[in-house]
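Structure at a glance
Now for the letters of each chain:
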Amino acid sequence: MADLSDLEITQLCAEAMGYENRSDTHARGPSNSSILAFDGGHFVYDPCHNRAQAIELVKKLRLNLNATTVPGGNWIVTTSGSLSARFEQVSRDLLRAICLCVARMQQAKKGAKT
């Protein structure tokens, strides 16, 4: 799979959470109506940099988090075994590993529907 931009990763994570991309709103964040909002050109939903939003992905998608024991080691994020395809992402940055794992999973899910 090709490298994903931060924008693509964020959009795929938002889709996985069930948020809708609406750039015409000035809401301060995802609301009960499930809107992914942009505020002054900046992402309001940004799980690559927002810990709470990244952990919501972990909780909703039941991701597994593991850390390597070597100094300066990596985080390993995997999908749970109940899925037909297993996805794994390794990174020193925990939030990025979470988001990339979700993005790859969402890409595969979208590809299976087409």
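**Some points on the packing of helix H1 (residues 6-17) against helix H2 (residues 51-61)**
- Interhelical geometry of H1 versus H2 gives an angle of 45° and a closest axis separation of 10 Å. Relative to H2, the element H1 is oriented oblique. When the axes of H1 and H2 are compared, the crossing they make is left-handed. For the pair H1 and H2, the contacting residues are Cys13, Ala16 and Met17 in the first and Glu56, Leu57, Lys60 and Leu61 in the second.
- Looking at the contact of H1 with H2 residue by residue, the classes come out as 5 nonpolar, no polar and 2 charged.

**Regarding the sheet that holds strand E4 (residues 64-67)**
- In spatial order, the strands read E4-E5-E6; together these 3 strands make up an open sheet with antiparallel pairing. One side of each edge strand has no neighbouring strand; the edge strands of this open sheet are E4 and strand E6 (88-91). Geometrically, the sheet is characterised by an average inter-axis angle of 20° between neighbouring strands, direction not taken into account.
- Here strand E5 (residues 75-78) pairs with E6 via 4 bridges, running antiparallel. Looking across to E6, one finds that Val77 is bridged to Gln89.

**A look at the nonpolar core**
- Within the largest apolar cluster, 25 residues are counted, with the highest numbers of intra-cluster contacts made by Ile9, Cys13, Leu57, Leu61, Leu63, Ile98 and Val102.
- If you list the elements that add at least two residues to this core, you get H1, H2 and helix H3 (94-113).
- When residues in this core are grouped by element, the largest group, 9 residues, is from H3.
- Excluding residues within four positions of it along the chain, Leu61 makes contact with Ala16, Ser80, Val102 and Met105.

Thresholds, definitions, all that
- Residues numbered from 1 in each chain as written.
- Predicted model: local features only at pLDDT ≥ 70, side-chain atom pairs only at ≥ 80, totals over all residues.
- Heavy atoms only, no water.
- Axes fitted to C-alpha atoms, helices over the stretch in contact; angles between N-to-C directions.
- Helix = DSSP H or I, 4+ residues; strand = E, 2+ residues; numbered from the N terminus.
- Parallel < 35°, antiparallel > 145°, perpendicular 65-115°, else oblique.
- Left-handed = near helix turned anticlockwise from the far one by under 90°.
- Contact = heavy atoms within 4.5 Å.
- Nonpolar A, V, L, I, M, F, W, Y, C, P; charged D, E, K, R; others polar.
- Pairing = 2+ DSSP bridges.
- Core = buried A, V, L, I, M, F, W, Y, C linked by side-chain atoms within 4.5 Å.
- Buried < 20%, exposed > 50% of the residue type's maximum accessible area, 1.4 Å probe, protein only.

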